[in-house]
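# Descriptive analysis of the structure
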Amino acid sequence: MMQRRIHFRHILIPICLLFFMLLASLMGQGVAAHAQGVRPTGSLTQAFAQSSKEFGVPAPLLEALCYMEGRLSNHGGTPSIDNGYGCMHLVKNSRVDTLDSAAQAAHVSVEQLKANLPSNIRGGAALLHNDALQLSAAHTLPTTLANWYGAVAAYSNSTTQG
């Protein structure tokens, strides 16, 4: 019998994101503004709103992802240990390439995604939009925050190992 192992981090991130999104909805505030007193700047708030409008991804979901993955920072354009860039943690390594996919989906260069935080947010929103459409039998975007769970799980690139 083949044994499957699910990485705890890949399950925890989508669950935490949904918790933060639901909390934000109940309180009427953005997730990022609530978490540890960190508030997005005006231009960052505008980037969330514009990306939400352009790609149909709820702004609180984008805020939650940006906070959880990158603490609302572009980290000076330097990659994470997984070779992920920006607050949306767009990755290009031997296992996954969301960086090039996001560049193509958002019609921007990879360099823009690495260096420009609003572009990074747009790239993440474009990926979430595409993931949500692929997971929908009707090829439509989810209508509630809770229904974005599948797209968030796909965005995290969680895998099982045998």
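Owing to the predicted nature of the structure, the values given are computational and were not obtained by experimental measurement. (Residues numbered from 1 in each chain as written. Predicted model: local features only at pLDDT ≥ 70, side-chain atom pairs only at ≥ 80, totals over all residues. Heavy atoms only, no water.)

By the element assignment, Ser 52 lies in helix α3 (residues 42–55). Distance in space between the C-alpha atoms of Ser 52 and Arg 122 is 8.4 Å, their sequence separation being 70 residues. When neighbours within four sequence positions are excluded, Ser 52 is seen to be in contact with Val 57, Pro 58, Ala 59 and Leu 62. (Helix = DSSP H or I, 4+ residues; strand = E, 2+ residues; numbered from the N terminus. Contact = heavy atoms within 4.5 Å.)

This part covers helix α5 (residues 98–106). Along α5, the residues that are buried comprise Thr 98, Leu 99, Ala 102, Ala 103 and Ala 106. Buried residues of α5, viewed axially, fall in a sector of 140°; they line one side. Contacts from the buried residues of α5 go to α3, β2 (84–85), β3 (90–91), α6 (110–115) and α7 (117–135). The backbone nitrogen of Leu 99 has a side-chain oxygen 3.3 Å away, supplied by the residue at the start of α5, namely Asp 97. Remark: His 107 follows α5 within two positions and exhibits a positive phi of approximately 60°. (Buried < 20%, exposed > 50% of the residue type's maximum accessible area, 1.4 Å probe, protein only. Arc of directions from axis to C-beta. Polar contact = N/O pair within 3.5 Å; in protein donor to acceptor, adjacent residues only side chain to side chain.)

One way to say it: the disulfide is the covalent bond shared by the sulfur atoms of two cysteines. Tallied over the full model, the rule gives one disulfide. Paired by a disulfide, Cys 66 and Cys 87 hold their sulfur atoms 2.1 Å apart. Here Cys 66 and Cys 87 share a disulfide; its torsion about the S-S bond, -110°, makes the bridge left-handed. Of the two residues, Cys 66 is situated in helix α4 (residues 59–70) and Cys 87 in the loop between β2 and β3; the sequence distance between them amounts to 21 residues. The same class applies to Cys 66 as to Cys 87, namely buried. (Disulfide = S-S within 2.5 Å.)

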